[in-house]
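Each chain is listed here by its residues.
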Amino acid sequence: MSRWVQVNTPKVGDEWKPMSLQEAFEKGPPPVGPISVPGDFKDNVVRVAKPYFRDEELQRARDREHVIEDPLALYVPYHSPEMGIYFRVKRMLSDFQAFASKYSWPSGVTVNELWHIYVMTIFWHEMAHHVVEDVATLMEWMGGSNQYPLMSHLAEERFCEFNAFTTAERQPSPPGRHKIPLLPSIQVPSGIKGKSGVAPFNKRLILSCLYYHWGRDYPTSTYRPIVEGDASHAVDGLWNGLWGAHKGGYDVVKAPYEIYKCLYCTTL
Ligand SMILES: [Zn+2]
């Protein structure tokens, strides 16, 4: 515990910044063209996702209590028996198709690289909502009263998006052998694998395009990846330790269920 409280958290004003696309396409490897997502790729994603669909459970949670609803995924907090991260598969696939065909990609980037980063960015965003809840729980244990939600809706969304982009760039894979329902393989595709060669450029390029595709460059965007004052203060001293543990695949706060076992899909 003492190690966590000594570690400071993301600072007010920290922001994930993309590369300029003009610069990327001028300085990077020559672009080959847009990518159209093959039908069998989508079929395979849906096939892999099939055992994880939990529409009824999600609807029950939604009818009963507060659920965090993002455009492409949802997070059900852990006071609910339906706790978990729910990927909105249909919406994701249709948005992904628009994303992949919007930009001209270099040869090291294929549909697999794009999908991997796409899914992991959404995953880390929802995971950040979960860790915010962990921080609130820990504060409750230390200070007594119920602190959740810890911050305004806007501050939390921006904070989660900051962690999503930052982490997807540094760690584009789940820890250990943990499986993400929408990724047919836990192997990181070769074009974004490793810390040398073209991989760092490709990761940054894909994330930058995603940033523009999702309109994160609009200053008023709810999901602008920036740390607001009330977010930084709300998680102060506790964030890095808890976030690091989840990136490593460990549950720190004794939640009713382990989050990596609560990753689901939904058509809702
Ligand atoms: Zn969110």
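Peer 1: What is the right way to read the pattern of salt bridges from this model?
Peer 2: When the charged atoms of two side chains with opposite charge come close together, those side chains can pair. Considering all chains together, one arrives at 11 salt bridges under this definition. E69 is the partner of R62 in a salt bridge, and the nearest nitrogen-oxygen pair spans 2.8 Å. Relative accessible area serves as the criterion here: at 25%, R62 is assigned to the partly exposed category. Residue classification places E69 among the partly exposed residues on the basis of a relative accessible area of 37%. With its nearest N and O atoms 3.1 Å apart, the salt bridge here joins E169 to R204. Of this pair, E169 sits in helix 7 (residues 153-170) while R204 sits in helix 8 (residues 199-213), placing them 35 residues apart in sequence. Note on R204: relative accessible area 24%, which makes it partly exposed. Salt bridges linked by common partners bring R60, R64, E65 and E82 together as one network.

Peer 1: Quick question: what am I supposed to make of the state of the cysteines here?
Peer 2: In protein structure, a disulfide is the covalent linkage between the sulfur atoms of two cysteines. Overall, the coordinates contain 0 disulfides when judged by the stated rule. Between C265, a free cysteine, and C262, which holds the nearest cysteine sulfur, the sulfur-to-sulfur gap is 13 Å.

Peer 1: Got a minute to help me understand the pairing of strand 3 (residues 73-76) in this structure?
Peer 2: In the case of a regular strand, side chains alternate between the two sheet surfaces. Burial along strand 3 is two-sided: the residues A73 and Y75 and L74 and V76 are all buried. Looking at chain direction, strand 2 (residues 68-69) and strand 3 are connected through 2 bridges and run antiparallel. By the bridge assignment for strand 3, I68 is matched with Y75. Between strand 2 and strand 3, which pair antiparallel in sequence order, lie 3 residues. As paired elements, strand 3 and strand 4 (residues 84-88) share 4 bridges and run antiparallel to each other. Paired with Y75 across the strands is I85, a residue of strand 4.

Peer 1: Could you clarify how one ought to interpret the side chain of S232 in this entry?
Peer 2: Within the secondary structure, S232 is located in helix 9 (residues 229-234). Judged by relative accessible area, which is 7%, S232 ranks as buried. Residues within four places of S232 in sequence aside, it is in contact with T9, P10, K11, V12 and V227.

Peer 1: Is there a simple way to think about the nonpolar core in this case?
Peer 2: Within soluble globular proteins, side chains that are nonpolar generally end up buried alongside one another. Residues F99, W105, W115, Y118, F123 and L182 are the most contacted members of the largest nonpolar core, which totals 87 residues. Top element by residues in this core is helix 6 (residues 111-143). It accounts for 18 residues. In contact with W115, other than residues within four places in its own chain, are F41, V45, M92, L93, F96, L182, L183 and P184.

Peer 1: What exactly am I supposed to notice about the coordination of the zinc ion here?
Peer 2: Ideal geometry at a metal centre: 109.5 degrees between donors when four sit tetrahedrally, and 90 or 180 degrees when six sit octahedrally. With distances of 2.0 to 2.4 Å, the protein atoms coordinating the zinc ion are D70 (OD), D70 (OD), H125 (NE2), H129 (NE2) and E157 (OE). Positions of the donor residues of the zinc ion, expressed as sequence spacing, correspond to D-x54-H-x3-H-x27-E. With D70 in the loop between strand 2 and strand 3 and E157 in helix 7, this pair connects stretches of sequence that are 87 residues apart.

Peer 1: How should the packing of helix 7 against helix 8 be read in this particular structure?
Peer 2: For the pair helix 7 and helix 8, interaxial distance at closest approach is 9 Å and the crossing angle is 160 degrees. Compared by their axis directions, helix 7 and helix 8 come out roughly antiparallel. Relative to helix 8, helix 7 is oriented so that their crossing is right-handed. Seen from helix 7, the contacting residues are F165, A168 and E169; seen from helix 8, they are K203, R204, L207 and Y211. When grouped by side-chain class, the residues that make up the contact of helix 7 with helix 8 number 4 nonpolar, no polar and 3 charged.

Peer 1: I would appreciate a short explanation of the sheet that holds strand 6 (residues 263-266) in the present structure.
Peer 2: Backbone-to-backbone hydrogen bonds pair the strands of a sheet. The strands run either parallel or antiparallel. Reading across the sheet, the 4 strands line up as 2-3-4-6 and stay open at both edges, with mixed pairing between neighbours. The outermost strands of the open sheet, each flanked by one partner alone, are strand 2 and strand 6. Bridge count between strand 4 and strand 6: 4 bridges; the pairing is parallel. Looking at the pairing, Y86 lines up with Y264 of strand 6. Lying on the sheet, helix 4 (residues 55-64) is in contact with strand 2, strand 3, strand 4 and strand 6; it crosses strand 3 at an angle near 60 degrees.

Peer 1: Help me understand helix 10 (residues 239-247), please; the structure alone is not making it clear to me.
Peer 2: Buried within helix 10 are the following residues: W239, G241, L242, W243, A245 and H246. A positive phi of about 95 degrees marks G249, the residue just after helix 10.

Rules and cut-offs
Residues numbered from 1 in each chain as written. Predicted model: local features only at pLDDT ≥ 70, side-chain atom pairs only at ≥ 80, totals over all residues. Heavy atoms only, no water. Salt bridge = Lys/Arg side-chain N within 4 Å of Asp/Glu carboxyl O. Buried < 20%, exposed > 50% of the residue type's maximum accessible area, 1.4 Å probe, protein only. Helix = DSSP H or I, 4+ residues; strand = E, 2+ residues; numbered from the N terminus. Disulfide = S-S within 2.5 Å. Pairing = 2+ DSSP bridges. Contact = heavy atoms within 4.5 Å. Core = buried A, V, L, I, M, F, W, Y, C linked by side-chain atoms within 4.5 Å. Donors = N, O, S within 2.8 Å, 3.2 Å for Na, K, Ca; no water. Axes fitted to C-alpha atoms, helices over the stretch in contact; angles between N-to-C directions. Parallel < 35°, antiparallel > 145°, perpendicular 65-115°, else oblique. Left-handed = near helix turned anticlockwise from the far one by under 90°. Nonpolar A, V, L, I, M, F, W, Y, C, P; charged D, E, K, R; others polar.

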